[in-house]
Amino acid sequence: MTAALLALVGALFVVVDQGYDARIARDAARTPHVVDPSTPAAQDAVAWYTWRGDALGVLDAQVLYLAVTDPGAPPPPGLPEWPAAGDVWASPALLELEGSQAYVARYGSLAGVIQLASLVDDGERIAYVGVRAEDVTPPHHWVPITGFGVEPRADGGGYLGAALYHGTKRSLVMGLVLFGVAPALVAAIALLSLGAEERRRHLAQVQAMGGSPRQLRAALLRVFLGPAAVGSGLVTLLLVASTYCTWRVPIAGISVPGADYGSLTGIGALLAVGLLAAAAVVALVLWLHRAATLPRVGQGSAPRPVGARGLWVLLLCVDLALANWGYAFFYTTDPSLASFISLSACAVALVLLVPTMGVVTSGLGRVLGALALRTGSGPVLVGAREVQHVPRATTRITSVIAMAIVLSAQLQVWGSQSAPSFREAVASDRVNADLSMLVDLSTEERAARARLFDDRPAGTGFVALGGEGLPDRVLGDCEVLVHVFGECPESPKPLEAFRGAAAPQVWLWGLAPDAVVERADGDALAEATLLAAVSLDGRPISQDALLRELGQRVLPPPRVAIPQEETIVGAWLGVDKARWYAVGGLLALVISLALAALSSLAEVEKMAARHGVVAFYGARRRHFLSFALTLVGVPAAVAAALGACVAVLMSWAPTSVPGAVVRMPFDSVLLMLAVAAVYSAGVSVVAALRIAGRRGARALSV
């Protein structure tokens, strides 16, 4: 089981590395090769191209317009032919959404489905739309292309569709280290600790009979090498078999085609990971039994005291300081690097928590021993002496709960980055209630813009939003201005003067604080490149119907968006990204909690085997409970407090830098502290019952 766990986590690195490169390669292969219209290369162009970001409800979509000039050229990857004028080729995921038929009708009629093999992900929402070449008015927003296929971006990002929102491979790997490798290694040690006491006794017997360290190592290898090879081999075979299918990551909803990591290189890497997992298990077994297999001069079979080393505490403090400084320093210039630094520091902190808990546990034993001497409690004194001088057993039980608290806090911090923007987006959508739409006419001719005001759709009015950058002028005829603002000002009037009187959706149009409202005629309105379409009859505006109406006047149709659409779509993209953290965090928490239970069982059995002497100080259950609380209960509570402190300090910079979108992870910390309290009480009771139930303890109590 341990080898299978390590093989699985190691294989995830192969899947991430190979799968990421394959997705980026597919995206680069379908990206149009754009050339400068003013260069001779434009003479070899096979089509005119432009694209537009769009949305279907709150989900992002991307529309690629193609006006072919050389029908004999190879069509876009995933299409059997060039899209004819008015034809729409859509991805399967786009067509599966509710309202997809109306969405396709915005641009034409459905001609076919894009082949999955050309998509970055089978959940990608993308469409190709054909346009007549004679309707193209270059070079304003149309660009010539000579075909498809470009070099992948150096920064690891993508060009189109789902690839636009890829995180960097560096961040994915660090997340895997934090939420997978660190917990898996400690879980492996806990799994191997089960039954370790019995193995130690067996090795001690063999050693007493004259067995050499080499013979002891050979005995351990005979016991573990076979199961380790079987466990890692089964996982490796399952992963190799998965290269023939497509599987989906739970919660995140990302599909992973097996072919992405099914190359000879990928399969070879999977086999190597399986061998390394088996070797790691053998190495861990030899390390756990190093007292017998690697004896040193003067070393006995009893546990050796471990001196408290303040260096570990210092290293943990330095790690926390560097994490916060690094995040705050790079956040404004390179947020990706800032996140990488924070995740890396958190992974280091998880490693340092174990030796730091050894230091804290040893100091706690000293304090409890002093209290026991004052109160005269024999069981507490014996337990305190062991905790002080031999803290390893207690540390192995208690450090896990500290790690779980840190992991849960990181899950809340990185998994909830989109929560505030998501709430803002939902509120904006409710305020607008489809009573206004923004129409982008920046790519259209002036004559086309004028036609929209002369022949506007029934029940719909337009106001022009003018100005560089943020619109600072709201222009319209009296009919529309009276409907939206309640009056038709004779002269320009500050927008703030209409607060409370204007329609609430006005404040969602992204206007400048010093914007003014003024009356204008048709010629002035035709100069505007951004319009706000407003409902004059109180009925919600249908985005699809408005786009079809505008499409009869302007080709290709202008972009029609709900106010704050970028915020709404971006918030949902943030939610999608946060699901990755949810997957990794939940995986790490499950591993950590399972580790806590397994580690506790193993260590409690060891304690029960060697602490029958407690019965000398009284055989009543309260004495055993006092002893167990000293050994594991109180240290577990202290470990929870240490984990909470580290979790809060590790989250300080990400939650306090200017523009931070998340709060301190107090919710998860408080929840995990409650879990730690239950864990502390439960493990203490189990330890007391196991120690009291030992035959030696019962015999000594007579």
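The shown structure was predicted, so the numbers you read here are calculated from the model rather than taken from an experiment. Positions within a chain are numbered from 1, following the residues in the order the chain's sequence is written. The predicted nature of this model means local features are confined to residues of pLDDT at least 70 and side-chain atom pairs, given and counted, to a pLDDT of 80 or more, with totals for whole chains, interfaces and linings taken over all residues. Side-chain numbers come from the whole structure's heavy atoms, not from hydrogens or water.

Enquirer: Describe the packing of aromatic side chains, naming the residues involved and giving the relevant values.
Expert: A pair of Phe, Tyr and Trp rings is counted when the ring centres sit within 6.5 Å of each other, with Trp represented by its six-membered ring. The angle between the planes then sorts it: under 30 degrees is stacked, over 60 is edge-to-face, the rest tilted. In this structure the tally under the stated criterion is seven aromatic pairs. For the pair Tyr65 and Tyr107, a centre-to-centre distance of 6.1 Å together with 70 degrees between the ring planes defines the contact as edge-to-face. Of this pair, Tyr65 sits in strand 3 (residues 59-68) while Tyr107 sits in the loop between helix 3 (100-105) and strand 5 (109-113); the two residues are 42 residues apart in sequence, bridging distant segments of the chain. A relative accessible area of 2% means that Tyr65 is categorised as buried. Taken together through their ring pairs, the aromatic side chains of Tyr65, Tyr103 and Tyr107 make up a single cluster. As a reminder, the over-ring test applies to NZ of lysine and CZ of arginine, requiring each to be within 6 Å of the ring centre and within 35 degrees of the ring normal. A cation over an aromatic ring shows up here: Lys493 above the ring of Phe498, its NZ or CZ 5.0 Å from the ring centre. Put simply, DSSP H or I for four residues or longer makes a helix, DSSP E for two residues or longer makes a strand, and each gets a number counted from the N terminus. We call a residue buried when its accessible area falls under 20% of the maximum for its residue type, exposed when it is over 50%, and partly exposed in between, using a 1.4 Å probe and counting protein chains only.

Enquirer: Could you give me a rundown of the state of the cysteines, with the residues and numbers involved?
Expert: Two cysteine sulfur atoms form a disulfide, by the criterion used here, when they sit within 2.5 Å. Taken as a whole and judged by the stated rule, the model has one disulfide. Note that Cys478 is cross-linked by a disulfide to Cys488, the S-S spacing being 2.1 Å. Looking down the S-S bond of the Cys478 and Cys488 bridge, the torsion is -65 degrees, so its handedness is left-handed. Note that Cys478 is positioned in helix 15 (residues 478-485) and Cys488 in the loop between helix 15 and strand 13 (493-494), a separation of 10 residues in sequence. Assessed through its relative accessible area of 29%, Cys478 is described here as partly exposed. On the basis of relative accessible area, Cys488 is assigned to the buried category, the value being 17%.

Enquirer: How would you sum up a nonpolar patch on the surface? Please name residues and give values.
Expert: Without a salt bridge and with relative accessible area above 30%, a residue can belong to a patch; like charges are then joined within 9 Å and nonpolar side chains (Val, Leu, Ile, Met, Phe, Trp, Tyr) within 5 Å. Shrake-Rupley sampling with a 1.4 Å probe provides the accessible areas, and residues are treated as covered by the protein chains on show and by no other component. We count a salt bridge whenever a side-chain nitrogen from Lys or Arg sits within 4 Å of a carboxyl oxygen from Asp or Glu. Taken together, the side chains of Leu311, Leu314, Leu315, Val318, Leu322, Trp325 and Phe329 present a nonpolar region at the surface, about 710 Å² in accessible area. Within the secondary structure, Val318 sits in helix 9 (residues 310-330).

Enquirer: I'd like a description of helix 15, backed by residues and values.
Expert: Burial in helix 15 covers these residues: Val480, Leu481, Val484 and Phe485. Down the axis of helix 15, the buried set is contained in an arc of 100 degrees. They therefore lie on one face. Contacts: residue pairs with any heavy atoms within 4.5 Å of one another. The inward-facing, buried residues of helix 15 abut strand 11 (460-466), strand 12 (473-476), strand 14 (516-519) and strand 15 (530-535). Positioned one or two residues after helix 15, Gly486 has a phi angle of 90 degrees, which is positive. Working note: the arc is built from the helix axis to C-beta atom directions.

Enquirer: Tell me about the confidence of the model for the chain, residues and numbers included.
Expert: Note on scores: pLDDT gives the predictor's confidence for each residue, bounded by 0 and 100. Mean pLDDT over the chain works out to 76, with 72% of the residues at or above the 70 mark. Within the chain, no element has a lower average pLDDT than helix 22 (residues 695-700), which sits at 40, and none a higher one than strand 4 (residues 87-90), at 93. Scored below 50 in pLDDT, residues 295-308 makes 15 contacts in the model with residues more than four places away or belonging to other chains. Here residues 695-702 scores under 50 on pLDDT; set against residues more than four positions off or in separate chains, the count is 13 contacts.

Enquirer: So what's going on with the side chain of Thr31? Residues and values would help.
Expert: Note on placement: Thr31 falls in the loop between helix 1 (2-30) and strand 1 (32-34). Residue class for Thr31 comes out buried when judged on its relative accessible area of 7%. A polar atom in the side chain of Thr31 sits 2.6 Å from the backbone oxygen of Asp27. Contact partners of Thr31, with chain neighbours within four places excluded, come to Gly147, Phe148, Gly149, Val150, Tyr159 and Leu160. Nitrogen and oxygen atoms within 3.5 Å of one another constitute a polar contact, given that in protein one can donate a hydrogen and the other can accept it, and given that sequence-neighbouring residues count only through two side-chain atoms.

Enquirer: Describe the packing of helix 10 (residues 335-375) against helix 11 (residues 378-389), listing the residues and the values that go with them.
Expert: One can describe the packing of helix 10 onto helix 11 by two numbers: an axis separation of 7 Å at closest approach and a directional angle of 155 degrees. Classified by the angle their axes make, helix 10 and helix 11 are roughly antiparallel. At the point where helix 10 passes helix 11, the crossing takes the left-handed sense. In this structure, helix 10 contributes Thr361, Ser362, Gly365, Arg366, Leu368, Gly369, Ala372 and Leu373 to the contact, and helix 11 contributes Val380, Leu381, Ala384, Arg385, Val387 and Gln388. Axis lines are fitted through C-alpha atoms, for helices just across the contact stretch, and the angle between N-to-C directions can take any value from 0 to 180 degrees. Note on terminology: angles under 35 degrees are roughly parallel, angles over 145 are roughly antiparallel, angles of 65 to 115 are roughly perpendicular, and the others are oblique. Crossing handedness follows the turn of the near helix against the far one: under a right angle anticlockwise gives a left-handed crossing, and clockwise gives a right-handed one.

Enquirer: Describe the pattern of salt bridges, listing the residues and the values that go with them.
Expert: Using the criterion set out here, one finds eight salt bridges in the structure. Where Glu496 meets Arg499, a salt bridge forms, and the shortest distance between an N and an O atom there is 2.9 Å. Taking relative accessible area as the criterion, Glu496 reaches 42% and is therefore assigned partly exposed.

Enquirer: Provide a residue-level description of the pairing of strand 15, including the pertinent values.
Expert: The buried count for strand 15 comes to five of six residues, which makes it a mostly enclosed element. Each pair of strands is called paired provided DSSP finds at least two bridges between the two strands. As judged from the five bridges shared by strand 10 (residues 436-440) and strand 15, these two strands associate in the antiparallel manner. Bridge pairing in strand 15 places Leu438 opposite Ala532. Bridge count for strand 11 against strand 15 is five bridges, and the pairing is antiparallel.

Enquirer: Describe the environment of Gln18, with residues and values.
Expert: Note that Gln18 resides in helix 1. By relative accessible area, Gln18 is classed as buried at 17%. Spatially, the C-alpha atoms of Gln18 and Gly262 are 8.6 Å apart, while their sequence positions differ by 244 residues. Setting aside anything within four residues of it in sequence, one finds Gln18 in contact with Asp260, Tyr261, Ser263, Thr265 and Gly266. There is a polar contact of 3.4 Å between the side chain of Gln18 and the side chain of Asp17.

Enquirer: Which residues make up the environment of Gly476, and what values do they have?
Expert: Relative to the helices and strands, Gly476 resides in strand 12. Judged by relative accessible area, which is 0%, Gly476 ranks as buried. Between the alpha carbons of Gly476 and Phe462 there is a distance of 6.9 Å; along the sequence they are 14 residues apart.

Enquirer: Please give an account of the sheet that holds strand 12 that cites residues and values.
Expert: The strand order 13-14-12-11-15-10-16 describes an open sheet built from seven strands, whose pairing is mixed. Each edge of the open sheet is held by one strand with a lone partner, namely strand 13 and strand 16 (559-561). The strands touched by helix 15 within the sheet are strand 11, strand 12, strand 14 and strand 15, with strand 14 carrying the most contacts at an inclination of about 145 degrees.

Enquirer: Describe in detail the nonpolar core, supporting the description with residues and values.
Expert: We define the nonpolar core as a collection of buried residues of types Ala, Val, Leu, Ile, Met, Phe, Trp, Tyr and Cys that are connected through side-chain atoms lying within 4.5 Å of one another. In terms of nonpolar packing, the biggest core is built from 40 residues, with Leu316, Leu353, Val406, Val646 and Met650 touching the most fellow members. The element that contributes the greatest number of residues to this core is helix 19 (residues 621-650), accounting for 13 residues. Once you skip the residues sitting within four places of it in the chain, Val406 turns out to touch Cys346, Leu350, Leu353, Gly643, Val646 and Ala647. Counting 32 residues, the second-largest nonpolar core is a separate cluster that includes Leu56, Val88, Leu94 and Leu547.

Enquirer: Tell me what's going on with the pairing of strand 14, and back it up with residues and numbers.
Expert: Within a regular strand, the side chains alternate between the two sheet faces. Looking at chain direction, strand 12 and strand 14 are connected through four bridges and run parallel. Counted as the bridge partner of Gly476 is Arg519 from strand 14.

Enquirer: Please provide a residue-by-residue account of the packing of helix 1 against helix 6 (residues 213-241), values included.
Expert: At a minimum axis separation of 7 Å, helix 1 and helix 6 run at an interaxial angle of 35 degrees. At the point where helix 1 passes helix 6, the crossing takes the right-handed sense. On helix 6, the residues touching Ala3, Ala4, Ala7, Leu8 and Ala11 of helix 1 are Ala228, Gly231, Ser232, Val235 and Leu239. Gly is put with the polar residues, along with every residue not named as nonpolar or charged; the nonpolar set is Ala, Val, Leu, Ile, Met, Phe, Trp, Tyr, Cys and Pro, and the charged set is Asp, Glu, Lys and Arg. Among the residues forming the contact of helix 1 with helix 6, the class breakdown is eight nonpolar, two polar and no charged.

Enquirer: Describe in detail helix 6, supporting the description with residues and values.
Expert: Here the expected span of a helix is defined as 1.5 Å times the quantity of residues minus one. Taking 1.5 Å of rise per residue, the 29 residues of helix 6 would be expected to cover 42 Å, and the 41 Å separating its terminal C-alpha atoms lies within 8% of that figure. Its axis deflected by about 35 degrees at Phe224, helix 6 carries its strongest bend there, up to four residues before the proline Pro227. The angle between axes fitted to the seven residues ending at a residue and the seven residues starting there is what we call the bend at that residue.

Enquirer: Go over the environment of Ala47 with me, naming the residues and quoting the values.
Expert: Along the polypeptide, Ala47 turns up in strand 2 (residues 47-56). Judged by relative accessible area, Ala47 falls into the buried class, the value being 1%. For the pair Ala47 and Gly147, spaced 100 residues apart in the sequence, the C-alpha separation amounts to 8.0 Å. Discounting chain neighbours no more than four positions away, the residues touching Ala47 are Ala67, Val68, Thr69, Trp82, Val143, Pro144 and Ile145.

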